[in-house]
Amino acid sequence: MNYKIAVVPGDGIGPEVTTQALRVLDRIGEKYNHHFEYTKVLAGGAAIDATGGCLPRETVEVCKASDAVMLGAVGGWKWDTLPGDERPERALLGLRKELGLFANLRPAILFDELSQACPLKPEITAGGLDIVVVRELTGGIYFGEKGVKDTDLGPAAYDVEQYAEEEVRRIAIVAFDMAMKRNKKVTSVDKANVLESSRLWRRVVAEVAKDYPDVELNNLYVDNAAMQMILNPKQFDVIVTSNIFGDILSDEASQITGSIGMLPSASLAKGNFGMYEPVHGSAPDIAGQDKANPMATILSAAMMLRYTFGLSDEANDIEAAVKKVLADGYRTPDLMANGGKQMGTQEAGDRILAA
Ligand code: NAI
Ligand code: MG
């Protein structure tokens, strides 16, 4: 089959890591007789330099006309002095909004091969970990009413946390659907003991759960969830939560995986459309030096195959190849803390292709 992918390499190591991911996709295409058609477009600093704005209209149009989007990373020192609303990172918020990407999936997988790099105790991580945080991405306090006002205590500022039932329902459905493909367990995280918006969240999640009698639902307060992530992460499989809680918990969960260079992510819209990108940024400190770990982006490509295109065998192949390279002892510099055979970005791509 033919699949149209918009590719946004972006800045810094973005182009280096996306290049390797596209090589892997091409290899999968050869093996399974799929054709992946790429259209490269600009966003972030690269777009500012070329067009004056971080998210050209053409980029949005090409993304909308594609089946999925693959993004490297945006931003860098060169643009750090620009005012906030002109910075390259604004392109991400723009794309999320324009493409209706309301569900952010962040798997935190600890590969057995990297268990030494995990800060948790070995008895906690034995056998590896595999958690996915499903974060609501377009609602909540980041998008609610905000402003400044005068109060009895002087100048003040506020941000409103607000969720519509429909926003909670659609993210809960994503989480329960995912649980059905995994271990049939969902933990919903909120702060229903103090927040009205969290009480609505909990009620709607429970309603959705009725349609999934095979899935076990647990509710946790966010403060407890943060603690449990360190104490007993094995209890989690799919975690579903709001925008702000998910932002924080997914970063916390990411640290059990050893390196930010290993973390893929997906942002989904209605109808399986998605944008796939590594969790890390543009890493200007190592850009252009063949040091970047391309695995996060390559694993993001695997997520694209699984979640947008429904190609699980192909996705499994990619994940198995990444594991094989790690099991053979090869490491990009970010994973070298506990030794190993060092490889660069390009060589990592070569080895994954060979595997
Ligand atoms: P960063 O993730 O780019 O880098 C943090 C540290 O991790 C650096 O030491 C970097 O060398 C290392 N690192 C990141 N990815 C790596 C990889 N694949 N392999 C090996 N090492 C890796 O975060 P930082 O430094 O806070 O931000 C740099 C720029 O990226 C900023 O302009 C920031 O705004 C932007 N950014 C963009 C994101 C995106 O496009 N989604 C996300 C986060 C940051
Ligand atoms: Mg964050």
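As recorded by an unreviewed UniProt entry, the protein chain carries the name 3-isopropylmalate dehydrogenase and is attributed to Hominibacterium faecale. Within the UniProt record for the protein chain, the comment given under Sequence similarities (unreviewed entry) is "Belongs to the isocitrate and isopropylmalate dehydrogenases family. LeuB type 1 subfamily." Listed in UniProt under the heading Subcellular location (unreviewed entry), the comment for the protein chain reads: "Cytoplasm".

### With respect to the environment of Trp79
Looking at the element boundaries, Trp79 is found in the loop between β3 (68-73) and α4 (90-99). Trp79 sits in the partly exposed class, given 19 other C-beta atoms within 10 Å. Between the C-alpha atoms of Trp79 and Gly45, which are 34 residues apart in sequence, the distance is 6.6 Å.

### Concerning helix α12 (residues 345-354)
Along α12, the residues classified as buried are Thr345, Ala348, Gly349 and Ile352. Across the axial projection of α12, the buried residues extend over an arc of 100°, all falling on one side. As for α12, its buried residues are in contact with α1 (14-32), α10 (295-308) and α11 (312-327).

### A closer look at the environment of Ala117
In this fold, Ala117 is placed in the loop between β4 (103-110) and α5 (122-125). Judged by C-beta crowding, with 19 C-beta atoms within 10 Å, Ala117 ranks as partly exposed. With 100 residues separating them along the chain, Ala117 and Val17 place their C-alpha atoms 22 Å apart. In this structure Ala117 touches Gly258, Ser259, Leu335, Ala337 and Asn338, once residues within four positions along its chain are discounted.

### As for the site of ligand 1
Near ligand 1, the surroundings consist of 22 residues, among which Gly75, Gly261, His280, Gly281 and Asn293 are the closest. The residue makeup of the shell around ligand 1, split by class, is eleven nonpolar, seven polar and four charged.

### Description of the UniProt feature "binding site: Mg(2+)" (unreviewed entry) in the protein chain
Here the UniProt-annotated "binding site: Mg(2+)" (unreviewed entry) positions come out as Asp223, Asp247 and Asp251. Relative to the assigned elements, Asp223 resides in helix α8 (residues 222-231). Within the element layout of this structure, Asp251 appears in helix α9 (residues 243-254).

Reading the values: the criteria
- Within each chain, residue numbers correspond to sequence positions counted from 1 in written order.
- Each chain takes a letter, starting from A, and each ligand takes a number, starting from 1, following the order in which they are written.
- Whole-chain, interface and lining totals are the exception, using all residues; otherwise, since this is a predicted model, local features are given only for residues with pLDDT of at least 70 and side-chain atom pairs are given and counted only at 80 or more.
- UniProt positions are given in the numbering used here, feature names are shortened, and annotations may be inferred rather than shown by experiment.
- Starting at the N terminus, helices and strands are each numbered in turn, a helix being any DSSP run of H or I of at least four residues and a strand any DSSP run of E of at least two.
- Remark: C-beta atoms are placed from the backbone, and a residue is labelled buried if 20 or more other C-beta atoms sit within 10 Å of its own, exposed if 12 or fewer do, or partly exposed between those counts.
- Directions are taken from the helix axis to each C-beta atom, and the arc is the one they span.
- Two residues qualify as being in contact provided that their C-beta atoms, derived from the backbone, are within 7 Å of each other.
- To decide nearness, the C-beta atom of each residue is placed from the backbone, and the residue is near a molecule or strand if that atom lies within 6 Å of it.
- Note that Gly is not counted as nonpolar here; it falls among the polar residues with everything else outside the nonpolar set of Ala, Val, Leu, Ile, Met, Phe, Trp, Tyr, Cys and Pro and the charged set of Asp, Glu, Lys and Arg.

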